[in-house]
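Residue strings, one per chain:
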Amino acid sequence: MSTSIRYLRLIFNTIAGSKRPIGYLSQYGDILRVSFDDDYVNDAQRPTLSLSYRGQTDRETQQILRAIRDVRVARSDGRWPTYFQNLLPEGHNRERLAAQRHCSPDDEFELLAAAGRDLMGAVEVEPIPLSEGIPNVVRHWHTSLGLDVLESGFVETPVEDAASLPGVVTKFSAVLDGRRYVVKRHGAAGDFILKLPSTRHPDLVQNEAFGYKLAKALGLNTAQAEVISCADAELPEVVPFDDILAVKRFDRAAGGRRIHMEEFAQVLQYEPRQKYGRDMQNDFASVLLVLDRLSSRPAQDVLEFVRRFVMFILMGNTDAHLKNWAVIYPDGVTPELAPLYDPVCVAAFFDEVKPNDYGINRAVDAKLRTYTWDDLDGLLARAGLQRRVRLIQQAKAMVKQAQSDWPALLMNAPANMRKVIQARLNGGVKIAG
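Residues numbered from 1 in each chain as written. Predicted model: local features only at pLDDT ≥ 70, side-chain atom pairs only at ≥ 80, totals over all residues. Heavy atoms only, no water.

Caption draft 1: Quick peek at unusual backbone geometry. Even without being a glycine, Gln269 presents a positive backbone phi close to 65°. Mapped onto the elements, Gln269 comes out in the loop between helix H8 (264-267) and helix H9 (280-294). Note on Gln269: relative accessible area 21%, which makes it partly exposed. At Asp342, a position not held by glycine, the phi torsion is positive, near 55°. Secondary-structure assignment places Asp342 in the loop between strand E15 (336-337) and helix H11 (359-369). (Helix = DSSP H or I, 4+ residues; strand = E, 2+ residues; numbered from the N terminus. Buried < 20%, exposed > 50% of the residue type's maximum accessible area, 1.4 Å probe, protein only.)

Okay, here's the thing in structure tokens:
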């Protein structure tokens, strides 16, 4: 078999602000692969791309990074390995990126190449001039499988203002220019995410904004978000809405520095279509296990997780899937729980749509409404935590605080949201009874 190969340089932005090449992403027919540079593989202090690439020892990590057939580094179905799949947008955002690139929404190589300058976390990808030839680390892998790679294929440069923002809500990457949020960034990575409502749910922005307020009232660590007027943003298209939610990206820092992050879908190796996981108890036990054993601040992060989980039950956030929990790497190597984001009261929309809409969310809600303190204790036990009694006591105290403090805040919330949450606080969920 003989064909051309296309490839991209994989770059990691270090905490010092420099750009460190760490490997290549290549496409050969339906084979998509990441090949890591030897100096990255051999570096015991290497920055963490993903916990899914980390073994119990450095030797095991090197074996993963050098693997030939491991699905974490190569796939033959036209899809990226799971970590890179989760860098791509979903829904309307994916379709918009495909239109900008003039490619199919299923062409994952082109989609990643298109948004290569503005991806989640500290990674970038960029094409390399054909004159440089095929990198040895890429060629050697293909020839080891008997694949005859003769020439390099051309890859266009990234679309100037394209960005890959995970999620299905329509959103744009923006920079703050004075007091205006600008989407046409002339190639710069965005510092803010601008999230729009929809004709289906025109109160979505207000709903999420109040979700942040409720979380902050309980002392939870959240992303920074505020409602802005559509007139305060320069969008690439006219939208029929007055309000936009502007969320400060916690994977961006002053001076254009990038802070690496990854979602738990990437950590636990779930593809975007599997973001709701397989079993909530097992999946969240795995999240807690990661935080307890690997975080730089395990006690703080475990408590934060438990409090957020309980808050989401109280507020009807049935969309707290594995793409809406993340870790960040302030030092480039060691994870800690990322700030809370996407706190939407999805249950508020159930009465506004057909009974079979939001099928997954309704199923999640049915479990959460009947979730008990014994269930939570079982979750903590499954994660191997030793301080379960104290964690549950603190979570119960938070429920009482919400029952005391939230009603006044909810007076200005959207009516459907206020109705749903107030019912939960009054015993509509087991943990509030």
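Caption draft 2: Region of interest: the environment of Gly384. Within the fold, Gly384 resides in the loop between helix H12 (373-382) and helix H13 (388-410). In this structure Gly384 comes out as partly exposed when scored by relative accessible area, which is 37%. When the C-alpha positions of Gly384 and Leu289 are compared, they lie 7.3 Å apart, and in sequence the two are 95 residues distant.

Caption draft 3: Representation of the nonpolar core in the model. Counting residues in each nonpolar core, the largest one holds 126 residues, and the members touching the most others are Phe84 and Trp406. Ranked by the residues each element gives to this core, the list is headed by helix H10 (residues 298-315), at 10 residues. Ignoring any residue separated from it by four or fewer positions in sequence, one finds Phe84 in contact with Leu10, Leu25, Val34, Leu49, Tyr53 and Leu112. (Core = buried A, V, L, I, M, F, W, Y, C linked by side-chain atoms within 4.5 Å. Contact = heavy atoms within 4.5 Å.)

Caption draft 4: A look at the packing of aromatic side chains. Enumeration according to the criterion identifies 17 aromatic pairs in this entry. Centre to centre, the rings of Tyr83 and Phe84 are 4.9 Å apart; their planes meet at 90°, and the pair counts as edge-to-face. Judged by relative accessible area, Tyr83 falls into the buried class, the value being 1%. Note on Phe84: relative accessible area 0%, which makes it buried. Pairwise contacts between aromatic rings join Phe36, Tyr40, Tyr53, Trp80, Tyr83, Phe84 and Phe109 into one cluster. One residue, Arg9, lies across the ring of Tyr24, its end atom 4.1 Å from the ring centre. Directly above the ring of Phe210 sits Lys213, whose terminal nitrogen or CZ lies 4.4 Å from the centroid. (Phe/Tyr/Trp six-rings, centres within 6.5 Å; stacked < 30°, edge-to-face > 60°. Lys NZ or Arg CZ within 6 Å of the ring centre and 35° of its normal.)

Caption draft 5: Main features of empty space enclosed by the protein. One pass over the structure, following the stated rule, counts 1 cavity of 30 Å³ or more. Counted as a void, the largest cavity has a volume near 30 Å³. The wall of the largest cavity is formed by Arg308, Phe312, Asn324, Trp325, Pro339, Leu340 and Tyr341. The residue makeup of the lining of the largest cavity, split by class, is 5 nonpolar, 1 polar and 1 charged. (1 Å grid on protein atoms, 1.4 Å probe; cavity = no way out; pocket = protein on both sides within 12 Å on 5 of 7 lines; lining within 4 Å. Points joined across faces, edges and corners; volume = space filled by probe spheres on them. Nonpolar A, V, L, I, M, F, W, Y, C, P; charged D, E, K, R; others polar.)

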